[in-house]
Amino acid sequence: MSHTFRLPSAGRFALAVAAAGAIALVSATPAFAHNEVTASDSRALATDVTLTFEAAAESTTAGITSLRVVLPQGIVPGDVTYLEGPSGWSYAPADDGYTVAGTALAPGADAEYKVKVRQLPDTELLVFKTLQSYSDGRVDRWIDVPKSGDDHSNAAAKPAPALTLQKAAPGAVVIPPTPAAPTGAPTGAPTGAPTAEASSAAPPSPATTPGAAAPGSPSVTPTLAGESADEKKDDDSSTLPVVLGIVAAVVVVGGAGGAWWWRRRGASSGS
């Protein structure tokens, strides 16, 4: 006599809860946190363009203290003006870009700031490689070039903020870049931000020296040339517990279901 196996209501409920928990764990991963840039005018050769940068916080225990940006080819530091940013933050130009830094934000709070670019270059894609530092010394390296303009095409990567440009307007011409000015003092600070005398010197290229850090925050040594095993461990540490949690949930649910089925089968055979 054949028996039809049917999972009881309690069993189905437990399985549904476990599945929902696994989905929630996956959804809670910071893989989709990212940095973005938008433009008031995204056409090549557009002038006086406001760029808005949004840096997502990936730490729930430490606040963002600085954003070190390397400008793409075609934009020089002298053609960038700081417009606004987090309260108390200031802008410091460097030979290849700039740093926006200040007092640590609240843990989990994103950082947003705006700059004005004198003219966008005649190209298709602008990539702004960014080093994002936290008050505990952690550094997120948003330096990977997006694939096909999709910032989320590779969940394991750290895509740099990227801006896709449209074709230049008819009659648009290239404006000669502003001559490089001596670096070493923050410029373009918004109202209420520290003055040049009260701000620290701008850090040189991130390939050789540390980026700027907020007053009172631990010193960090971010580089764009590569990252050590410890730094790589920091980037991966937030995802490891999630993976282990999912595996554990699957094992527990599978074991419970298998044990119930075995007892059910034994009872059926005995009858």
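Everything here concerns the structure above.
Residues numbered from 1 in each chain as written. Predicted model: local features only at pLDDT ≥ 70, side-chain atom pairs only at ≥ 80, totals over all residues. Heavy atoms only, no water.

Undergrad: Whenever I open this one, the overall build of the protein chain confuses me. Can you help?
TA: Along the backbone of the protein chain there are three helices and 11 strands. Within the span of the protein chain, comprising 271 residues, buried residues form 36% of the whole. Summarising the internal contacts of the protein chain: among those between residues at least 6 apart in sequence, 72% fall at separations of at least 24. Surface accessibility of the protein chain: about 14,700 Å² in total, with carbon and sulfur atoms responsible for 59%. (Helix = DSSP H or I, 4+ residues; strand = E, 2+ residues; numbered from the N terminus. Buried < 20%, exposed > 50% of the residue type's maximum accessible area, 1.4 Å probe, protein only. Contact = heavy atoms within 4.5 Å. Areas by Shrake-Rupley, 256 points an atom, 1.4 Å probe, with all protein chains shown as cover.)

Undergrad: Mind showing me how you'd approach the pairing of strand S6 (residues 97-101) here?
TA: A regular strand places its side chains on the two faces of the sheet in alternate fashion. Across the five residues of S6, five count as buried, placing the element largely inside the fold. Along S6, one buried face is formed by Gly97, Thr99 and Ala101 and the opposite face, lined by Tyr98 and Val100, is buried too. The pairing of strand S3 (residues 64-70) with S6 spans five bridges and is classified as antiparallel. The partner of Val69 across the bridge, within S6, is Tyr98. Note that strand S5 (residues 90-93) and S6 share four bridges and pair antiparallel. Within S6, the residue paired with Tyr91 across the bridge is Val100. (Pairing = 2+ DSSP bridges.)

Undergrad: Is there a simple way to explain the pairing of strand S10 (residues 139-142) in this structure?
TA: Along S10, one buried face is formed by Val139 and Arg141 and the opposite face, lined by Asp140 and Trp142, is buried too. Judged from the four bridges that link them, strand S9 (residues 129-134) and S10 form a sheet pairing that is antiparallel. Residue pairing across strands places Thr130 opposite Trp142, the latter belonging to S10. Connecting S9 to the next strand, S10, in antiparallel fashion are four residues, including Gly137 with a positive phi near 95°.

Undergrad: What exactly am I supposed to notice about the pattern of salt bridges here?
TA: Following the criterion strictly, the structure yields six salt bridges and no others. For Lys158, the salt bridge is made with Glu58, and the minimal N-O distance between the two is 2.4 Å. Placement of Lys158 in the loop between S10 and strand S11 (162-164) and of Glu58 in the loop between strand S2 (47-55) and S3 is noted, with a sequence separation of 100 residues between them. Of the charged contacts in the structure, one is a salt bridge between Asp96 and Arg68, with a shortest N-O distance of 2.8 Å. With Asp96 in the loop between S5 and S6 and Arg68 in strand S3, this residue pair connects regions lying 28 residues apart in the sequence. Salt bridges sharing partners connect three or more residues here, namely Glu58, Arg138, Asp140 and Lys158. (Salt bridge = Lys/Arg side-chain N within 4 Å of Asp/Glu carboxyl O.)

Undergrad: Explain the sheet that holds S10 here, please?
TA: Backbone-to-backbone hydrogen bonds pair the strands of a sheet. The strands run either parallel or antiparallel. One open sheet holds the five strands; their spatial order is S5-S6-S3-S9-S10, and the pairing between them is antiparallel. Looking at which strands have only one partner, the edges of the open sheet turn out to be S5 and S10. Direction aside, the axes of adjacent strands within the sheet are offset by 15° on average. Note: S3 against S9, six bridges, orientation antiparallel. Paired with Val70 across the two strands is Lys129, which belongs to S9. (Axes fitted to C-alpha atoms, helices over the stretch in contact; angles between N-to-C directions.)

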